[in-house]
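# Architecture at a glance
Below are the chains, spelled out letter by letter.
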Amino acid sequence: MPRSFLELFGVTPQAVAQAPGRVNLLGEHTDYNDGFVLPCAIPQTTRVEIAVSPDRLDHFVAEDLGQRVDCEPAGAVPPGFAAYLHGCLRLLRDGGAGIPPVLMKVDSQVPMGSGLSSSAALEVAVLRALRELFRLELDDVRVAQLAQKAEIEYAGVNCGIMDQMASSLADEHHMLFLDTRTLERRLLPLPQGAELLVLDSGVPRRLEESGYNERRRQCEEAARLLGVPALRDVQDPAQLAALPEELERRARHVVTENLRVLEAAQGVDARRFGELMNFSHRSLRDDFEVSIPPLNLLVQLLQGEQEVFGARLTGAGFGGACVALVREGRGAELGELVLARYREKGQLGTLLVPRR
Ligand code: ADP
Ligand code: MG
């Protein structure tokens, strides 16, 4: 049975805040190449309740994990989920925000580790709760930047800025077009007559970390050989011909993916947007090689449906989720239909968006 803040801590919360998870529609593996991304918030959110602590310690409870952590505000970084909370607090305290020890309770509908960025939702919700309770002057971009810094420096995850910007700035009906180099951004409506469908492949993202690090290195190497600061600075895929074959394919994914995001951000209809998603999947599968057979199967089943405009793997790959753009009002039914066929092939997928 979930317990209330009062039951856990003996006092009522002084502030409450929420932040959503996100799904990336286009622009995969572009953020660490200074490129462009196009994520959207999802309906699932993370909620943080907060009050001032009665003693010298921070006390954190994660209801979904059934964990409680009590820690010194200036002490060692706690393990697990508490590192994210401690990191956010620590950055603000080090910046002179004068925040006393706190009580925080977290609960969430964002699935952990499915590629919907439960970590960014957690960080942004924590920072929003702190902003509210202590009346901090932080705009939404600053919140995203602090959230990213907390994840890198305290949770030890070398992430880009996309997830935190999406959680802090996007909503369910608007995609965030973001230039990850300049942080220039625009909120754009989803294509008319369309909605999102997100399915979890049921395959954990096993090789994700090593695969991700290797791709990052290859992109840096390609940029170095081409004499540009980042692959974002290459506009024409023909310029890549001088690279060794494998690096050329890796770089071609990034360069063409940036072009796809830029085209989508100009405001294309659902049909063209879907086509761009299909091209993105092909590029991730063949050039960047971060897909796996179950993801290809799920994407193929989605793409075979008449009311699906387009589909691709979303997130870093090697497992995780797929995203599709589908006819408005048809997401839930199409999702169940495709999942039934996916299960016939011996796989175990689940519907993530729309929410049941
Ligand atoms: P994701 O793709 O979901 O962001 P990550 O591995 O980046 O996956 O982040 C998941 C981690 O974030 C969890 O292991 C946990 O430490 C923390 N986290 C996310 N959501 C919660 C939550 N509701 N309660 C506690 N910790 C959470
Ligand atoms: Mg994450």
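Computed from a predicted model, the values in this text were never measured in an experiment.

Moving on: the domain arrangement of the chain. As far as domains go, the chain holds domain 1 (10–187) and domain 2 (191–353). For domain 1 and domain 2, the distance between their C-alpha centroids amounts to 25 Å. Counting residues at the interface gives 30 residues for domain 1, matched by 40 residues for domain 2. Carbon and sulfur atoms make up 63% of the surface buried where domain 1 meets domain 2, a total of about 2900 Å² over both sides. Summed over the shared surface of domain 1 and domain 2, the result is three salt bridges. With its nearest N and O atoms 2.8 Å apart, the salt bridge here joins Glu-28 to Arg-312. Scanning the region where domain 1 abuts domain 2 turns up 17 residue pairs in polar contact (both at pLDDT 80 or more). Elements that contribute at least two residues to the side of domain 1 that touches domain 2 include exactly strand E1 (15–26), strand E2 (36–52) and strand E6 (174–179).

A word on the pattern of salt bridges. Per the stated rule, a full pass over the model turns up 29 salt bridges. The salt bridge involving Asp-34 is made with Arg-181; its shortest N-O contact spans 2.9 Å. Placement of the pair is Asp-34 in the loop between E1 and E2 and Arg-181 in the loop between E6 and strand E7 (185–189), with a sequence separation of 147 residues. Judged by its relative accessible area of 26%, Asp-34 falls in the partly exposed class. Residue Arg-181 is classed as partly exposed on the basis of its relative accessible area, which comes to 33%. A salt bridge links Glu-248 to Arg-252; the shortest N-O distance between them is 3.8 Å.

What follows covers the pairing of strand E9 (residues 308–314). The element E9 is extensively covered by neighbouring structure, given that seven of its seven residues are classed as buried. Sheet topology note: the E9/strand E10 (residues 321–327) ladder contains six bridges and is antiparallel. By the bridge assignment, Ala-311 is partnered in E10 with Ala-324.

With that settled, consider the nonpolar core. Counting 40 residues, the largest nonpolar core has Leu-197, Leu-199, Leu-231, Leu-302, Ala-324 and Tyr-342 as the members making the most contacts within it. Residue assignment for this core shows that the elements contributing at least two residues are strand E8 (194–200), helix H6 (208–226), helix H7 (245–265), helix H9 (293–303), E9, E10 and helix H10 (331–344). If one sorts the elements of this core by residue count, H9 sits on top with six residues. Residues Ala-19, Cys-71, Met-104 and Ala-147 belong to the second largest nonpolar core, which totals 36 residues.

Quick look at the side chain of Glu-195 now. Along the chain, Glu-195 falls in strand E8. No salt bridge is formed by the buried Glu-195. Its closest oppositely charged neighbour is Arg-330, at 8.3 Å. Polar contacts involving the side chain of Glu-195 include one to the main-chain amide nitrogen of Gly-329, which spans 2.8 Å. Polar contacts involving the side chain of Glu-195 include one to the main-chain amide nitrogen of Gly-331, which spans 2.8 Å.

This paragraph deals with the pairing of strand E3 (residues 58–62). Walk down a regular strand and you will see the side chains alternate between the two sheet faces. Judged by how many residues are buried, E3 sits mostly within the fold: five of five residues are covered. Both faces of E3 are covered, namely the face carrying Asp-58, Phe-60 and Ala-62 and the face carrying His-59 and Val-61. Here E3 runs beside strand E4 (residues 67–71); their pairing, made up of five bridges, is antiparallel. When the sheet's bridge partners are listed, Ala-62 is paired in E4 with Gln-67. Here E3 hands over to E4 after four residues, with Gly-66 in that stretch at a positive phi of 65°. Bridging between E3 and strand E5 (residues 102–108) involves four bridges; their strand directions are parallel. Opposite Phe-60, over in E5, you have Met-104 as the bridge partner.

Within the open sheet, the four strands sit side by side as E9-E10-E8-E11. Their pairing is antiparallel. Edge positions in the sheet fall to E9 and strand E11 (350–353), since each has one partner strand and no second. Sheet twist, expressed as the mean angle between neighbouring strand axes with direction ignored, is 25°. Sheet strands in contact with helix H8 (residues 270–287) are E8, E9 and E10, and its direction is about 30° off that of E9. Along the sheet, H10 contacts E8, E9, E10 and E11; its crossing angle with E8, the most-contacted strand, is approximately 35°.

Basis of the calculations
Residues numbered from 1 in each chain as written. Chains lettered and ligands numbered in written order. Predicted model: local features only at pLDDT ≥ 70, side-chain atom pairs only at ≥ 80, totals over all residues. Heavy atoms only, no water. Domains from an automatic or database assignment. Contact = heavy atoms within 4.5 Å. Buried area = accessible area lost by both parts, 1.4 Å probe. Salt bridge = Lys/Arg side-chain N within 4 Å of Asp/Glu carboxyl O. Polar contact = N/O pair within 3.5 Å; in protein donor to acceptor, adjacent residues only side chain to side chain. Helix = DSSP H or I, 4+ residues; strand = E, 2+ residues; numbered from the N terminus. Buried < 20%, exposed > 50% of the residue type's maximum accessible area, 1.4 Å probe, protein only. Pairing = 2+ DSSP bridges. Core = buried A, V, L, I, M, F, W, Y, C linked by side-chain atoms within 4.5 Å. Lys, Arg positive; Asp, Glu negative; His and termini not counted. Axes fitted to C-alpha atoms, helices over the stretch in contact; angles between N-to-C directions.

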